Amino acid sequence: MENTKAHRFARVLTEALPYIQRFSGRTVVVKYGGNAMVDEQLKSSFARDMVLLKQVGIHPVVVHGGGPQIGSLLQQLGKESRFVAGMRVTDAETMDVVEMVLGGLVNKEIVQLINRHGGQAVGLTGKDGGLIRARRLTIEQPSPELEAPEIIDLGHVGEVQSIDPRVVRMLERDGFIPVIAPIGVGEDGFSYNINADLVAGKMAVVLEAEKLILLTNTPGLLDKSGALLTGLGPEAVQRHIEDGTISGGMLPKVDCALDAVRSGVRSAHIIDGRVEHAVLLELFSDEGVGTLIHR
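Residues numbered from 1 in each chain as written. Predicted model: local features only at pLDDT ≥ 70, side-chain atom pairs only at ≥ 80, totals over all residues. Heavy atoms only, no water.

### Here we look at the overall build of the protein
Then, in step 1: Helix and strand content of the protein: nine helices and 13 strands.
Then, in step 2: What you see for the protein is a C-alpha radius of gyration of 20 Å, in line with the 19 Å of a compact globule of 295 residues.
Then, in step 3: Taken over the C-alpha atoms alone, the protein extends approximately 75 × 45 × 35 Å along its principal axes.
Then, in step 4: For the protein, the proportion of its 295 residues judged to be buried stands at 48%.
Then, in step 5: Here the analysis covers contacts within the protein between residues at least 6 apart in sequence; of these, 73% occur between residues at least 24 apart.
Then, in step 6: Total accessible area computed for the protein in this model is approximately 14,400 Å², and 52% of it derives from carbon and sulfur atoms.
Then, in step 7: Counting 30 positive and 37 negative side-chain charges, the protein places the centres of these two groups 6 Å from one another. (Helix = DSSP H or I, 4+ residues; strand = E, 2+ residues; numbered from the N terminus. Rg over C-alpha atoms; globule rule 2.2 N^0.38 Å. Buried < 20%, exposed > 50% of the residue type's maximum accessible area, 1.4 Å probe, protein only. Contact = heavy atoms within 4.5 Å. Areas by Shrake-Rupley, 256 points an atom, 1.4 Å probe, with all protein chains shown as cover. Lys, Arg positive; Asp, Glu negative; His and termini not counted. Charge placed at Lys NZ, Arg CZ, Asp CG, Glu CD.)

### Description of the sheet that holds strand β8 (residues 177-181)
Then, in step 1: What the seven strands build is an open sheet, ordered β5-β8-β2-β1-β11-β12-β13; its pairing is mixed. Among the strands making up the open sheet, the edge pair consists of β5 (121-125) and β13 (290-294). Across the sheet, the axes of successive neighbouring strands diverge by a mean angle of 20 degrees, strand direction being ignored.
Then, in step 2: The pairing of strand β1 (residues 27-32) with strand β11 (residues 211-216) spans four bridges and is classified as parallel. The residue bridging V28 from the neighbouring strand is K211, located in β11. (Pairing = 2+ DSSP bridges. Axes fitted to C-alpha atoms, helices over the stretch in contact; angles between N-to-C directions.)

### Some words on the packing of helix α2 (residues 40-55) against helix α4 (residues 92-116)
Then, in step 1: Across the interface, α2 lies against α4 with an axial gap of 8 Å and an inter-helix angle of 65 degrees. As for how α2 packs across α4, the hand of that crossing is right-handed. Each of K43, A47, M50 and V51 in α2 lies in contact with α4, whose residues at this interface are E109, L113 and I114. (Left-handed = near helix turned anticlockwise from the far one by under 90°.)

### Some thoughts on the packing of aromatic side chains
Then, in step 1: Under the defined criterion, the tally for this structure stands at two aromatic pairs.
Then, in step 2: With a centroid separation of 6.4 Å and an interplanar angle of 35 degrees, the aromatic rings of Y19 and F23 are classed as tilted. Of this pair, Y19 and F23 are both found in helix α1 (residues 5-23), four residues apart, which corresponds to roughly one turn of the helix. Across the pair, F23 and Y19 agree in class, each one buried. (Phe/Tyr/Trp six-rings, centres within 6.5 Å; stacked < 30°, edge-to-face > 60°.)

### Quick notes on the side chain of T27
Then, in step 1: Take T27: it is sitting in strand β1.
Then, in step 2: A polar atom in the side chain of T27 sits 2.8 Å from the side chain of E172.
Then, in step 3: In contact with T27, other than residues within four places in its own chain, are H59, V61, E172, L207, A209, E210 and K211. (Polar contact = N/O pair within 3.5 Å; in protein donor to acceptor, adjacent residues only side chain to side chain.)

### A word on the pattern of salt bridges
Then, in step 1: For the structure on display, the rule yields 13 salt bridges.
Then, in step 2: Close ionic contact of K202 with D259 constitutes a salt bridge, the shortest N to O distance being 3.4 Å. Residue K202 is found in helix α6 (residues 196-206), and its partner D259 is found in helix α8 (residues 250-262); the two are separated by 57 residues along the sequence.
Then, in step 3: When salt bridges with common partners are traced through the structure, they connect R26, E210 and R266 into a single cluster. (Salt bridge = Lys/Arg side-chain N within 4 Å of Asp/Glu carboxyl O.)

### Description of the pairing of β11
Then, in step 1: By the criterion of burial, β11 is predominantly enclosed, with six of the six residues buried.
Then, in step 2: Along β11, one buried face is formed by K211, I213 and L215 and the opposite face, lined by L212, L214 and T216, is buried too.
Then, in step 3: In this sheet, strand β12 (residues 267-272) lies alongside β11 in parallel orientation, the contact comprising six bridges. Counted as the bridge partner of I213 is H269 from β12.

### Things to note about the environment of G86
Then, in step 1: With respect to the secondary-structure elements, G86 resides in the loop between β3 (83-84) and β4 (87-88).
Then, in step 2: You can call G86 exposed: its relative accessible area is 65%.

### Things to note about the environment of L102
Then, in step 1: Mapped onto the elements, L102 comes out in helix α4.
Then, in step 2: Apart from the residues lying within four places of it in its own chain, the contact partners of L102 are H64, G65, G66, I70, N107, A181, P182, I183 and N193.

### Describing α1
Then, in step 1: Between its first and last C-alpha, α1 extends 27 Å over 19 residues, near the 27 Å set by a 1.5 Å rise per residue.
Then, in step 2: A bend of about 30 degrees at L17 is the largest found in α1, and the proline P18 appears one to four places after it.
Then, in step 3: Listed as buried for α1 are A16, Y19 and F23.
Then, in step 4: As for α1, its buried residues are in contact with β11 and α9 (278-284).
Then, in step 5: Positive phi appears at G25, one or two residues downstream of α1, with a value of about 85 degrees. (Expected span 1.5 Å × (residues − 1). Bend = angle between axes of the 7 residues up to and from the residue.)

Here is the structure:
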C-alpha cells in the first residue's frame, strides 16, 4: 500500500506544508520568460502555479519579458532589430512596438491565462500609478580609434531609477495578482524599455519580498563538470564568477540575484522554466529545480 499513487500524493502534500506555512503572507516576485512563455503546456502550468500560490496565502508578483515576440513583430513590420552588448537599440518607432507587445499582447495573454485558471490577475506597465521611474541607459564600448571609450546611446532603453510600489501593494492586499510589463517612464516624459530581470530584482527589494525567482532556459548555475550549484551565499557566487565558472549570458541574471539578496531579499532562485510547475517544485519541495542564492 505504501507505494500507491494516493500515498505518494499525500507525501507530496505533507512535504509542501512547512513551506506553505513559512511563506504564507509573504511576497514572491517571479520573472517570467524563456521557454515557459512560448510552450503552451508550460504557459498553462505557470498560470496554475500563480493561482495556487495566491490560494495558499502567498502573494505572487509577475514581471515578464517578451524579447522574441518584439523581434517577431518588428520583422513582420519590415524593421530590422539591432543589438549592442545584447541590448536592443530602441528608437521611437521601435518603442511603439515594444509598448504594443509588452504592455498589450504579452501582458494581457498572461493576465487571461491566470484568470482562466481561477485567479484574479491585473496587468500593469511601469506607467500605471507611477510604478517605475526610469532613466536613459547608455553603455561604454572600447574603441581602438579613440583614447576614451565610446559612449553609446541605445535610445529608449532604460534602467530603474525608482519604484513606487503602492499600486502593487494595493492589488496584493485586495487579492489580485499583479502582472507587470518592464516599461518605465522618464522625467523627460518618454517611455523606456527596461530589462525584465532588473525590474524583477528591484521590485523584489522594494516590496521586501521573501523570494526572487528568475525563470531561465537552463537548469540553473552549473559547475565546470556540469553539476548543479545551489545553496550559495554571495561570497561563493563571487568566487565562481572570478574563476570563470559563472560567465557569459548568465552573469546579468546572477548580478541581479546577488543585488536583490544583498539588498534584503531573503533568497533568489535561478530555475529551469522548461520544467512543468517549476515554481511550485522550487518553493515547496526539498530538492527544488534550480540554484538557490541566499543571504
